[in-house]
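Reading the structure
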Amino acid sequence: MEQATLTAKGMHCGGCASRIEQALGHVEGVRQVKADHTSQQVEVAFDEATLDVATIRSRVEDLGFEVV
Ligand SMILES: [Cu+2]
């Protein structure tokens, strides 16, 4: 199990955070995801055999957030 923390700019409220949590929660290989709009941080625990950080990052960007 691998752990990554991304900074997703553009999260304005709890709705944005749960949008990220829901979308990543459906990605194969994601074990746990926690997004916080106040810190703009997304913590993801994932299975490194199935998934990598670049894929997680592009999923978040697909939702319209800027990952820095
Ligand atoms: Cu929002």
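Figured I'd write up the structure that's included with this text. A quick note: this is a predicted structure, and the numbers were derived from the prediction, not measured. (Residues numbered from 1 in each chain as written. Predicted model: local features only at pLDDT ≥ 70, side-chain atom pairs only at ≥ 80, totals over all residues.)

1. Points about the nonpolar core
The following threshold applies: What we call a nonpolar core is a set of buried Ala, Val, Leu, Ile, Met, Phe, Trp, Tyr and Cys residues whose membership is set by joining through C-beta atoms within 7 Å. Neighbour counting defines burial: a residue surrounded by 20 or more other C-beta atoms within 10 Å of its own C-beta is buried, one with 12 or fewer is exposed, and intermediate counts give partly exposed, using backbone-placed C-beta atoms. A run of H or I in DSSP counts as a helix once it spans at least four residues, and a run of E counts as a strand once it spans at least two, with each numbered from the N terminus.
Counting 16 residues, the largest nonpolar core has Ala 8, Ile 20, Val 42, Val 44, Ile 56 and Val 60 as its most contacted members. Counting residues per element, the ones that place at least two in this core are strand S1 (2–9), helix H1 (14–25), strand S2 (30–36), strand S3 (41–46) and helix H2 (53–62).

2. So, the pairing of S2
Keep this limit in mind: A pair of strands is labelled paired if DSSP reports no fewer than 2 bridges between them.
Sheet topology note: the S2/S3 ladder contains 6 bridges and is antiparallel. From the neighbouring strand, Asp 36 faces S3, where its bridge partner is Gln 41. Counting the residues between successive antiparallel strands, the hairpin from S2 to S3 contains 4 residues, one of them, Gln 40, with a positive phi of roughly 65°.

3. Description of H1
The periodicity of an α-helix, 3.6 residues per turn, causes residues three or four positions apart to be oriented the same way. This is how it is decided: Any helix carries an expected span of 1.5 Å times its number of residues minus one. Think of it as the arc spanned by the lines of direction from the helix axis to the C-beta atoms. Here, residues touch in the contact sense if the C-beta positions derived from the backbone fall within 7 Å of one another.
For H1, which comprises 12 residues, the first-to-last C-alpha distance of 16 Å matches the rise-based estimate of 16 Å (1.5 Å per residue) to within 8%. Residues of H1 that are buried include every one of Ala 17, Ile 20 and Leu 24, and no others. Taken down its axis, H1 places every buried residue within 60° of arc, on the same side. Of the residues in H1, the exposed ones pointing more than 90 degrees away from the buried face are Gly 15 and Gln 22. Structurally, H1 contributes buried residues whose contacts are with S1, S2, S3 and H2.

4. Looking at unusual backbone geometry
One non-glycine residue, Gln 40, lies in positive phi territory at about 65°. Residue class for Gln 40 comes out buried when judged on the 20 C-beta atoms lying within 10 Å of it.

5. Some details on the pairing of S3
Burial along S3 is one-sided: Val 42, Val 44 and Phe 46 are buried, while Gln 41, Glu 43 and Ala 45, pointing the other way, are not. Sheet analysis places S1 next to S3, joined by 6 bridges and oriented antiparallel. By the bridge assignment, Ala 4 is partnered in S3 with Val 44.

6. Remarks on the environment of Glu 28
Position of Glu 28 relative to the elements: it lies in the loop between H1 and S2. In the structure, Glu 28 is positioned 18 residues away from Phe 46 in sequence and 8.9 Å away in space, judged by C-alpha atoms.

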